[in-house]
Protein chains: 2
Amino acid sequence: MIETPYLLFLGDAPDQLAAKVARGIRDWRPENCVGQFRMEGCKADVGLRDMSLSEAKAAGAKTVVVGVANRGGVISQAWKRVLVEALEEGFDLASGLHNLLRDEEDLAAVAKATGRKLHDVRVPSVKYPIANGEKRSGKRCLAVGTDCSVGKMYTSLAMDRDMKDRGLKSSFRATGQTGILVTGEGVPLDAVIADFMAGSVEWLTPDNDDDHWDHIEGQGSLFHVSYSGVTMALIHGGQPDALILSHEPTRPHMRGLPGYQLPSLEALRDTALPLARIANPACQVVGISVNTSGYGEDEALSYLEATEKRMGLPTCDPFRQGAHKLVDALLAL
Amino acid sequence: MIETPYLLFLGDAPDQLAAKVARGIRDWRPENCVGQFRMEGCKADVGLRDMSLSEAKAAGAKTVVVGVANRGGVISQAWKRVLVEALEEGFDLASGLHNLLRDEEDLAAVAKATGRKLHDVRVPSVKYPIANGEKRSGKRCLAVGTDCSVGKMYTSLAMDRDMKDRGLKSSFRATGQTGILVTGEGVPLDAVIADFMAGSVEWLTPDNDDDHWDHIEGQGSLFHVSYSGVTMALIHGGQPDALILSHEPTRPHMRGLPGYQLPSLEALRDTALPLARIANPACQVVGISVNTSGYGEDEALSYLEATEKRMGLPTCDPFRQGAHKLVDALLAL
């Protein structure tokens, strides 16, 4: 188990999206965060108090969490200076990067010398099975996106929170580093060996009560050529009963792929639903979640209204408005 | 490099399909095979002379190749007795199983003591990049199947051979253990970490001459819930210009999934082509390859003719008839 509370390390994040891990922890477990640590040139800010290591120590922080995701997951030398100092000051470190803390010789040596722990939450700790495709009891909901990083995890966390607030049976099933750092457990899907991806999702969402819903954290997008295989494994391993379409309307192109335009919500629906029905013929698209963080209130509301009308599906921004509309749609299935 | 020639180890294969690795090497590199080794109860036969270890040694074999693929890739104790004896008699071992030879303590110890080599061709030896989706020069052809193990690799190998026979520029790009054992190089795609799958396919099929064709070995099926994510990564990482639809018409259900029916060729076309066009808008379905090994000659020919007429696409069994019809279709693009 990772000791709380956390100091969130934002490093030299080039933009807000790069710090989405930190942002997720701040939004969903604020009680676990004492502050943020930003290096010179950091362009991200998750709205916590800026703290030095010693200030965070004095405030009770136990673990420095690397809350910034770099493309390819490289731990830079500039970060190392801070992370080594953190170990020496008595913090544990936690990270969801591909490039493991434990594989960095300097960090491993200092952690050993100081008796501190290195938590690499991205490393699968389970030998996952190959998917068998057998129908499982209980219900499952999966958010699929027009792109990566459009709010799929937030949608699932908000739906889970809304169902729990109503006293309904619900679990958030984490499949990425942020989700795992938020909930303390899950499958680090993008680090799973290809053949076992769908099986790891089956493992994560086992048989359950007939009226229990798993909210499976989505990953990537069927339309994002770098990660579409991971999305496919979620759709077939998760055998969802319900899909939520997730979108961010101000994105100029697919994240990290300047040559690729985002698909329409119609194209996403028409692509994802037939694929989902291979594993679960009863699957339905039940609603749309839009990340309207790029819009002001009026613009957001009119976009949501127009989208709901155009698509004929309940549409909301679950972070701005709560997820009750989407949960109502699930319960009406 | 793996020393040739090989003795092909079929173990206690429960059926012919389980020995498809051995069969592939026998069919495409017969000059590298001195014989086959079968244990009691073995239900597979690749048509080579049955040999004991000492007979194979006398015939010049240098490496015992594990030519049998088990679900999940387990190296059983019954196999171990033979493999240990092989090392002791001076053979190297090569395998494409998930369960690595090097991770079996007894095999590793005997290999060390005897100075023999253990080749695990399934282990990626390269740090693959994340896919960037950028358009590459040269042409690429990918076979996609209605199911796993329907003849995608054979189709690509046959098309590569036909193009080379015509003096055209062509490469077979191996993505599985059999292909790698056949060609000596490639990407063991089903053992690649999820986030790097599409990138490994880009790496495998780099920029090339405008008139050069890569024939990319297919894996899994978009309709096979255990492995569809791997297929998706091939479609987006490979950015194929041409798709071949591959089918085996006598299969009662999806391989290993009794509850799942095979899709029609129409459903495969309508699912795969729009997904391929995300990465390459110019992609076309150019032909159909049918594995007619379950049919006699007349039945095979009439099935092929009826399918060609129904689908309006050049259709053949590349193993029975050669791949010239499919290559003609490629060249007409």
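Keep in mind that this is a model prediction, so the values were computed, not measured.

So, unusual backbone geometry
For residues other than glycine, phi is negative in most cases, and the peptide bonds are mostly trans.
Residue and element names in this part refer to chain A.
Phase 1 of the analysis: Cis geometry marks the peptide bond from T4 to P5; its omega dihedral reads 0 degrees.
Phase 2 of the analysis: With respect to the helices and strands, P5 occurs in the segment before strand 1 (6-11).
Phase 3 of the analysis: A positive phi angle, close to 55 degrees, is found at S149, a residue other than glycine.
Phase 4 of the analysis: Tracing the backbone through its elements, the reader meets S149 in the loop between strand 6 (139-145) and helix 5 (152-165).
Phase 5 of the analysis: For S149, a relative accessible area of 16% corresponds to the buried category.

Observations regarding the relation of the copies chain B and chain A
Phase 1 of the analysis: Rotating chain B by 180 degrees and translating it 0.0 Å along the rotation axis places it on chain A, where the RMSD comes to 0.0 Å. What the rotation and shift describe, once combined, is the action of a two-fold rotation axis. If distances are taken from each C-alpha of chain B to the rotation axis, the shortest is found for G229 of chain B, at 2.0 Å.
Phase 2 of the analysis: Looking at the interface residues of chain B, 100% of them are also at the interface in chain A, so both copies use one shared face.

Focus on the interface of chain B and chain A
Phase 1 of the analysis: Residue-level contacts link 37 residues of chain B with 37 residues of chain A.
Phase 2 of the analysis: Buried area between chain B and chain A, summed over both chains or domains, comes out near 2,900 Å², and the portion from carbon and sulfur atoms is 63%.
Phase 3 of the analysis: When the buried surface of chain B facing chain A is broken down by residue, D195, V225 and I278 of chain B rank first, second and third, together holding 18% of it.
Phase 4 of the analysis: Our count for the chain B to chain A interface comes out at 0 salt bridges.
Phase 5 of the analysis: Put simply, the parts of the chain that give the side of chain B that touches chain A at least two residues each are helix 7 (197-204), helix 8 (228-238) and helix 9 (265-279) of chain B.
Phase 6 of the analysis: Per element, the largest residue contribution to the side of chain B that touches chain A is 6 residues, and it comes from helix 8 of chain B.
Phase 7 of the analysis: Looking at the side of chain B that touches chain A residue by residue, the class counts come to 22 nonpolar, 11 polar and 4 charged.

A word on the confidence of the model for chain A
Phase 1 of the analysis: Averaged over all residues, the pLDDT of chain A equals 95, while 99% of them reach at least 70.
Phase 2 of the analysis: The ipTM assigned to the predicted complex is 0.86, against a pTM of 0.87.

Focus on the sheet that holds strand 5 (residues 118-120) of chain B
Residues and elements named next belong to chain B.
Phase 1 of the analysis: With respect to topology, 5 strands assemble into an open sheet ordered 2-1-3-4-5, the strand pairing being parallel. Two strands in the sheet have a free side with no partner beyond their single neighbour: strand 2 (33-38) and strand 5. Here the average twist between neighbouring strands, direction ignored, is 20 degrees.
Phase 2 of the analysis: In this structure, strand 1 (residues 6-11) lies alongside strand 3 (residues 63-66), joined through 4 bridges in parallel fashion. When the sheet's bridge partners are listed, L7 is paired in strand 3 with V64.

Considering the environment of T178 of chain B
Residue and element names in this part refer to chain B.
Phase 1 of the analysis: Among the structural elements, T178 can be located in helix 6 (residues 177-183).
Phase 2 of the analysis: Judged by its relative accessible area of 5%, T178 falls in the buried class.
Phase 3 of the analysis: Separated by 154 residues in sequence, T178 and G24 place their C-alpha atoms 6.3 Å apart.
Phase 4 of the analysis: Not counting residues up to four positions away in its chain, the partners in contact with T178 are K20, V21, G24, I25 and M153.

Remarks on the sheet that holds strand 8 (residues 213-216) of chain B
Residue and element names in this part refer to chain B.
Phase 1 of the analysis: On the basis of which strands lie adjacent, the open sheet formed by 6 strands has the order 7-8-6-9-10-11 and parallel pairing. Each edge of the open sheet carries a strand with a single partner, namely strand 7 (170-173) and strand 11 (315-316).
Phase 2 of the analysis: In this sheet, strand 10 (residues 284-290) lies alongside strand 9 (residues 242-247) in parallel orientation, the contact comprising 6 bridges. Paired with L245 across the two strands is I288, which belongs to strand 10.
Phase 3 of the analysis: Packing of helix 12 (residues 324-331) onto the sheet brings it into contact with strand 6 (139-145), strand 8, strand 9, strand 10 and strand 11, and relative to strand 10 it is tilted by some 180 degrees.

Reading the values: rules and limits
- Residues numbered from 1 in each chain as written.
- Chains lettered and ligands numbered in written order.
- Predicted model: local features only at pLDDT ≥ 70, side-chain atom pairs only at ≥ 80, totals over all residues.
- Heavy atoms only, no water.
- Helix = DSSP H or I, 4+ residues; strand = E, 2+ residues; numbered from the N terminus.
- Buried < 20%, exposed > 50% of the residue type's maximum accessible area, 1.4 Å probe, protein only.
- Least-squares fit on C-alpha atoms with pLDDT ≥ 70 in both.
- Contact = heavy atoms within 4.5 Å.
- Buried area = accessible area lost by both parts, 1.4 Å probe.
- Salt bridge = Lys/Arg side-chain N within 4 Å of Asp/Glu carboxyl O.
- Nonpolar A, V, L, I, M, F, W, Y, C, P; charged D, E, K, R; others polar.
- pLDDT = per-residue confidence, 0-100.
- Pairing = 2+ DSSP bridges.
- Axes fitted to C-alpha atoms, helices over the stretch in contact; angles between N-to-C directions.

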